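# Tertiary structure, described
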Amino acid sequence: MLTVENVSKTFSTPGGQVQALKDISLSVKTGEFVSIIGKSGSGKSTLLSILGALDNPTTGSIVVDDTQINKLSGGSQTKYRANKIGFVFQQYNLIPNLTALENVMLALEFGGYPANSRLDRAIQLLESVGIEEDQQQRRPTRLSGGQQQRVSIARALANQPAYILADEPTGNLDSATGKKIFDLLHDLSRSQKTTIIVVTHDLEIAGKTDRTFTLQDGKITTK
Amino acid sequence: MNVVTRGIKNATRSPLKSGAIVLMFAVSIALILSMLVARGSVLTKINDLKATTGTAIAIAPAGVQGGQGGGDLLTTDQVATIKNTANVSSITSTLTDQMITSDTNLTSSLQLGGFGQRQARTDTSTSSTGTTRPAPTPRINVTGTTDVNSISTDGSALKLTSGSTIDANGTGLVALVGSSLASKNNLSTGSTFTAYGQTVTVSGIYSTGNTFQDSGVIMPLSTVQTLTGQAGAISSVKATVNTSDNVSSTVAALKTALSGKADITSQAETAAASVSSLQGIANLTFAGVIGSAAAGALIIILAMFLVVRERRREIGVIKAIGGSSGKVIAQFTIEGLTLTVIGAVTGLILGVFVSGPMTTSLVSSSQSTSTTASTTGRGGAGFGGAVRGGFSQLGTNVTQVTASLTPQIFLSAIGITLLIALLGSAIPAWLTSRVRPAEVLRTE
Ligand SMILES: Nc1ncnc2c1ncn2[C@@H]1O[C@H](COP(=O)(O)OP(=O)(O)OP(=O)(O)O)[C@@H](O)[C@H]1O
Ligand SMILES: [Mg+2]
């Protein structure tokens, strides 16, 4: 269970104050697959970063499974990210000089997974997202966009997180590949009861999720 | 793969860039080491110079050098003045004379040679013009002194090959005979010879390694004064000053006190020019150490600054997927340390090889203009000759600064390098801690 109450976020820029989120309240049930849509600059990424404790709200609170994450110390927020959250980014954001396998193992290391079984677990994760053996040994630059995104989903799943936060995971992919990635996420939410919050521009994708939130100028307009 | 291997692996991520950083850093470390070596060697030389030039001041009547020249000998009053000058701790007085054939039954062990012939000719032509010149005969130098060790050419105690020393402050008819003269005249301890109409007993035989000195006779000062009928007369005084720092002020004080009646010289004063030019090099090398250390630090800081800047997103991702700040800092610190350690080792090895030639070229280029301390003295008797010998030796010494890499210098180079390396690692640590993980969601 994830509850957002009266969250506002204001950025100070040289040009003045930018209010990216205005008094947002919403809640997502465990195992739900929800989408957030909205125009560019409406605050989608900002909301996602606050849900993932990458940033703190200016006011308001975020309670995740009885813990108010915006009040945690920096170290505890890091642990929260390592163990409870799996991120999937539009730009994939794999570490460039590590192989696909090493990228997944890095997340396992941060999640405190035992060192001697990291390799087996990483191989199993990559196979489950359809990355074959020879691709596992490649660096991100030697993989296609769709393959990179699969690796990043494997990395997000590494520590069996309760939540997956995906910011336009299909934004850089062609529609066919994007659909496959989406289906992959969809299957996960069904099979592993993982709560998935996905930001998207694609209304077709949004239509397939359990619920869709629409952001407009930092406000929730539909629930 | 852990933080350490990731850090090391990242350091070699782009070999060209890392290579350039390592090379630049290595050069600055090599410079630091070379400058430290040059400085150490020059400082050692300065100390050596100060120690060897010591605290001695030579005072001779104006116009007299060795046994030659004109002017009046120093008087008892003048000697008393010298003795009472501030900071003068002790004095050694010397009176030299030369015995001709009518004065003694000894035969000189010196060959006149071309050099001696020339002196003898000028001597006789001034005294007896128009008369037939007698065949020149070498004379025998007699040194009356209050301290027989002042005859030693190298500043140490006079070396006796047999017998015992004489009481230089006494009035006895005793003498120390130079080894060359002794063998020429078959003299040994206990033998006697005639000098100025008196019988003198040989107390010991000495050897200095200087043929001129070893052809002379040393007797107590009073004895020589009495024998030559010059009561109270002194041809040169060596004053010893309490500390080397007071030498130049004492020289000035003596010059005033004796008001031009005597030539006053000290090795310390003559060496001062060399010392100050060496001091100049020492200061230069110190600035060099600071400069190359600053350059090395700047290179590492700049390089790490660029590395962190270039990889902001990567740092953000690591933080976003649950990497603690500690792990990020550790990884980048190890990356920085890998570069600095490789650079430092390369630099230190390079430094060991270039520090020698560097010191030599540094010292010789600035010394070539200042080696004027060397003098070419005619072999005069007694103290004057010894001092001039010392001077010329000093002149060559100054140019012989040897570059030596002592363990202390090597350790201080390592210390400075370590300091730079730590700084070069602390900078990325600080920089990475400022990267906000939320930035990974921002599109470039
Ligand atoms: N770090 C920041 N500093 C200043 N302003 C920011 C910052 N982050 C976001 N903003 C501003 O907040 C608003 C919302 O940004 P956000 O990135 O959340 O939009 P978005 O809905 O994700 O847009 P897009 O669909 O283009 O990704 C924008 O006006 C943006 O300029
Ligand atoms: Mg966005």
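Preceding this paragraph is the structure being described.
Just so we're clear, the structure is a prediction, and the values are computed from it rather than from any experiment. (Residues numbered from 1 in each chain as written. Chains lettered and ligands numbered in written order. Predicted model: local features only at pLDDT ≥ 70, side-chain atom pairs only at ≥ 80, totals over all residues. Heavy atoms only, no water.)

What follows concerns the sheet that holds strand β6 (residues 85-88) of chain A. Residue and element names in this part refer to chain A. Strand order in the open sheet formed by six strands is β6-β7-β8-β3-β9-β10, with mixed pairing between adjacent strands. Here the strands that pair on one side only, and so sit at the sheet edges, are β6 and β10 (219-222). Ignoring strand direction, the axes of neighbouring strands in this sheet form an average angle of 25°. When β6 meets strand β7 (residues 163-167), the two strands line up parallel, connected through four bridges. Residue pairing for β7: F87 is matched across the bridge by L165. Against the sheet, helix α1 (residues 44-51) engages β3 (33-38), β6, β7, β8 (195-199) and β9 (211-216), with an angle of about 155° to β7. The sheet strands contacting helix α2 (residues 74-84) are β6 and β7, and the helix crosses β6 at an angle near 75°. (Pairing = 2+ DSSP bridges. Helix = DSSP H or I, 4+ residues; strand = E, 2+ residues; numbered from the N terminus. Axes fitted to C-alpha atoms, helices over the stretch in contact; angles between N-to-C directions. Contact = heavy atoms within 4.5 Å.)

This next bit is on the pattern of salt bridges. With the rule as written, the count across this model stands at 15 salt bridges over all chains. Note that E32 of chain A is salt-bridged to R211 of chain A, the shortest N-O span being 2.8 Å. Residue E32 of chain A is located in the loop between β2 (16-28) and β3, and its partner R211 of chain A is located in strand β9; the two are separated by 179 residues in the primary sequence. Linking R138 of chain A and D134 of chain A is a salt bridge whose minimum nitrogen-to-oxygen distance equals 2.8 Å. Taken together, the shared-partner salt bridges in this structure form one network comprising R13, R311, E314 and E335 of chain B. (Salt bridge = Lys/Arg side-chain N within 4 Å of Asp/Glu carboxyl O.)

Contacts between the two partners involve 25 residues from chain B and, on the opposite side, 26 residues from chain A. Summed over both sides, the interface of chain B with chain A buries roughly 2,300 Å², with 59% coming from carbon and sulfur. Along the contact surface separating chain B from chain A lie four salt bridges. A salt bridge links K327 of chain B to E109 of chain A, with the nearest nitrogen and oxygen atoms 2.9 Å apart. Counting across the interface, chain B meets chain A through nine residue pairs in polar contact (both at pLDDT 80 or more). Taken together, the elements giving at least two residues each to the side of chain B that touches chain A come down to α1 (3-11) and α9 (312-320) of chain B. No other element matches α9 of chain B, which puts six residues into the side of chain B that touches chain A. Here the residues of the side of chain B that touches chain A sort into 10 nonpolar, six polar and nine charged. (Buried area = accessible area lost by both parts, 1.4 Å probe. Polar contact = N/O pair within 3.5 Å; in protein donor to acceptor, adjacent residues only side chain to side chain. Nonpolar A, V, L, I, M, F, W, Y, C, P; charged D, E, K, R; others polar.)

Ligand 1 sits among 15 residues. The nearest are S40, K44, S45 and T46 of chain A together with R442 of chain B. In this structure ligand 1 sits where residues from chains A and B come together. Measuring from an oxygen atom of ligand 1, one finds a side-chain N or O atom of S40 of chain A at 2.5 Å. Taking G41 of chain A, its main chain carries an N or O atom lying 2.8 Å from an oxygen atom of ligand 1. Protein coverage of the free-state accessible area of ligand 1, which is 630 Å², stands at 73%. At the level of elements, β1 (2-13), β2 and α1 of chain A are the ones that each hand at least two residues to the shell around ligand 1. With three residues, the single largest contributor to the shell around ligand 1 is α1 of chain A. Within the shell around ligand 1, the residues separate by chemical class into three nonpolar, eight polar and four charged. (Near = heavy atom within 4 Å. Areas by Shrake-Rupley, 256 points an atom, 1.4 Å probe, with all protein chains shown as cover.)

The relation between two aromatic rings is expressed through the spacing of the ring centres and the mutual angle of the planes. Residue and element names in this part refer to chain A. If you walk through the whole model with that rule in mind, you get two aromatic pairs over all chains. The interplanar angle of 25° and the centroid separation of 5.4 Å between the aromatic rings of F33 and F182 together place this pair among those described as stacked. Highlighted residues: F33 in strand β3 and F182 in helix α7 (residues 175-192), separated in sequence by 149 residues. The residues F33 and F182 share a single accessibility class, namely buried. (Phe/Tyr/Trp six-rings, centres within 6.5 Å; stacked < 30°, edge-to-face > 60°. Buried < 20%, exposed > 50% of the residue type's maximum accessible area, 1.4 Å probe, protein only.)

These figures come from the coordinates and say nothing about function on their own.
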